[in-house]
Protein chains: 4
Amino acid sequence: MIEMTQELAEQLGKAALAKAAELKRPMSVSVVDESGRLVFFSRMDGAGFFTFDTSRAKAMAAASFKRSTMEITKNKDLNPLLWYSLPSVVPAQALPSPGGLPIKKDGHVIGAIGLGGGSPEEDHECALAAMATVGK
Amino acid sequence: MIEMTQELAEQLGKAALAKAAELKRPMSVSVVDESGRLVFFSRMDGAGFFTFDTSRAKAMAAASFKRSTMEITKNKDLNPLLWYSLPSVVPAQALPSPGGLPIKKDGHVIGAIGLGGGSPEEDHECALAAMATVGK
Amino acid sequence: MIEMTQELAEQLGKAALAKAAELKRPMSVSVVDESGRLVFFSRMDGAGFFTFDTSRAKAMAAASFKRSTMEITKNKDLNPLLWYSLPSVVPAQALPSPGGLPIKKDGHVIGAIGLGGGSPEEDHECALAAMATVGK
Amino acid sequence: MIEMTQELAEQLGKAALAKAAELKRPMSVSVVDESGRLVFFSRMDGAGFFTFDTSRAKAMAAASFKRSTMEITKNKDLNPLLWYSLPSVVPAQALPSPGGLPIKKDGHVIGAIGLGGGSPEEDHECALAAMATVGK
């Protein structure tokens, strides 16, 4: 079974931040494994100190629900307080906001990536850019 | 006095997960006693890591209010933050969401079951399937 | 790579509780995966309601440190407050106490088991009994 | 003013993990800025899921007290609960344990590095290896 590795996490994280640099937006990126545990994090110069929180929250939300946080956000029936009701997710205190994507290999979710620091659309775009590098 | 037992909890939990397998939805099931204390838990392969949180929260909510969490959810006057004001329920940080059912015997609530991992309707359906096995 | 499965977790949990029954000690058993996430839990009739906390805490401690909690307990230099300093472990608020063992396959830790409800020696013995069933 | 940068944080983190690889010890490394905010994190394959907690806690403790956590640990008069009384440090729930070092440039602390996953001595050694690469 394919799992998240340090190498893949770094590759994904750097691809996402390369896109952020292209957009001239200082961002942070978090990559977690399938259990929501942090594997890689990097904060660009100029990105807000709290972008660790937001990027990790998005990655954990995407890993939890196995879908993009943009999609989760669109579900108006989902109580935003849900995230505070999940002890497993509490360290990240995740609120759904675009910029998180599950990472899949061979049909299985092996982890997730989350971006913070840009607009919702920019965060989402950078997450997508990371995905493109793994052919998914 | 009839009480929740390890045997009954396991029977209920397995019946619920058998329905989940039928629906091809990896889920987790939690069964608690009349005091909201966990008696049985099982997570299917592929179910999200946070489904322990959601399944237990639903079981605790159903045991607390002695009604289904689907019914609780429909009460628009109920402030979801209520759950955070109940110290006994805090460990599960329960938010009302369908999939939890009280377990009754001879008119008394002896515990509750909660499912997590599917849609609200699927979670509720699996909880009902468990109930069917105890003739209630 | 071999991973913790629902089937293996249940097999381990039941073997541990069979030993507890032999010792005539009502106990609870928790089995977690390699990331410390709960996979299986069962509480025997008569076991204290808080044994969910202790059994899970031991399993999470053993999964975290990749060694038995009996061995961890013997390290007098280890500050017991350590466990409260680990946000990833906070849901279980683990304190080191005998009765937790890592579960290894092919030299890799794939999870852990924790027992609560007996004396430290009894809890440890039941964890060992579970291990015997997986040829390790 | 010289400050922690993403580039320096990554350089320090990778130097520390190169030493960990040499010691054949899977570890995690956290690098924080002078305000204790995370800049870089990486977890080696095989490092425990909770090493994010420990590595960051050490980095935050070293940045807070502007000295190595090995030195802090030796201060027997320091109440370990101190860290829980510092709201700014609470997110990392830092307990003093060897493996954290402040990062200085021109006499000023610009951040800190923390390692987790090895013995106290190994964690400290890897932090020192990182320092060596910045000529300090």
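Parameters at a glance
- Residues numbered from 1 in each chain as written.
- Chains lettered and ligands numbered in written order.
- Predicted model: local features only at pLDDT ≥ 70, side-chain atom pairs only at ≥ 80, totals over all residues.
- Heavy atoms only, no water.
- Axes fitted to C-alpha atoms, helices over the stretch in contact; angles between N-to-C directions.
- Helix = DSSP H or I, 4+ residues; strand = E, 2+ residues; numbered from the N terminus.
- Parallel < 35°, antiparallel > 145°, perpendicular 65-115°, else oblique.
- Left-handed = near helix turned anticlockwise from the far one by under 90°.
- Contact = heavy atoms within 4.5 Å.
- Nonpolar A, V, L, I, M, F, W, Y, C, P; charged D, E, K, R; others polar.
- Buried < 20%, exposed > 50% of the residue type's maximum accessible area, 1.4 Å probe, protein only.
- Least-squares fit on C-alpha atoms with pLDDT ≥ 70 in both.
- Pairing = 2+ DSSP bridges.
- Phe/Tyr/Trp six-rings, centres within 6.5 Å; stacked < 30°, edge-to-face > 60°.

Undergrad: Run through the packing of helix H1 (residues 6–22) of chain D against helix H4 (residues 120–132) of chain D, naming residues and quoting values.
TA: Residues and elements named next belong to chain D. Axis separation between H1 and H4 bottoms out at 8 Å; the angle between their running directions is 135 degrees. Judged by the angle between their axes, H1 and H4 are oblique. Read as a crossing pair, H1 and H4 show a hand that is right-handed. Where H1 abuts H4, its residues Leu-12, Ala-15, Ala-16, Lys-19 and Ala-20 lie against Glu-125, Cys-126, Ala-129, Ala-130 and Met-131. Its residues assigned to classes, the contact of H1 with H4 comprises eight nonpolar, no polar and two charged.

Undergrad: Can you break down the side chain of A:Glu10 residue by residue, with the values?
TA: Among the secondary structure elements, A:Glu10 is positioned in helix H1 (residues 6–22). For A:Glu10, a relative accessible area of 16% corresponds to the buried category. Setting aside residues up to four positions removed in sequence, A:Glu10 forms contacts with A:Phe40, D:Glu10 and D:Lys14.

Undergrad: Break down the relation of the copies chain A and chain D for me, with residues and values.
TA: Under the fitted operation, chain A is carried onto chain D by 0.0 Å of movement along the axis and a turn of 180 degrees, and the coordinates agree to an RMSD of 0.1 Å. Taken together, the rotation and translation relating the two chain copies correspond to the operation of a two-fold axis. For chain A, the minimum C-alpha distance to the rotation axis belongs to A:Phe41 and amounts to 2.4 Å. By residue overlap, the copies meet face to face through one surface: 100% of the interface positions of chain A are interface positions in chain D.

Undergrad: Can you tell me about the pairing of strand E2 (residues 38–43) of chain D, naming the residues and giving the values?
TA: The element E2(D) is largely enclosed, with a buried count of six among its six residues. Two elements, strand E2 (residues 38–43) of chain A and E2(D), share three bridges in a ladder whose sense is antiparallel. Directly across from A:Phe41, in E2(D), lies its bridge partner D:Phe41. Judged from the five bridges that link them, strand E1 (residues 28–33) of chain D and E2(D) form a sheet pairing that is antiparallel. Its bridge partner lying in E2(D), D:Val32 is registered against D:Leu38. Between the end of E1(D) and the start of E2(D), which pair antiparallel, lie four residues, with D:Gly36 showing a positive phi angle near 80 degrees.

Undergrad: Give me the lowdown on the packing of aromatic side chains, citing residues and values where you can.
TA: Taken as a whole and judged by the stated rule, the model has 14 aromatic pairs over all chains. When the ring of B:Phe41 is compared with that of B:Phe52, the centres are 5.1 Å apart and the planes differ by 85 degrees; the resulting orientation is edge-to-face. Placement of B:Phe41 in strand E2 (residues 38–43) and of B:Phe52 in helix H2 (residues 51–65) is noted, with a sequence separation of eleven residues between them. The same class applies to B:Phe41 and to B:Phe52, which are both buried. With a centroid separation of 6.2 Å and 90 degrees between ring planes, the pair formed by C:Phe49 and C:Phe50 is classed as edge-to-face. Here C:Phe49 falls in the partly exposed class, since its relative accessible area comes to 46%. An aromatic cluster is present here, built from A:Phe41, A:Phe52, D:Phe41 and D:Phe52 joined pairwise through their rings.

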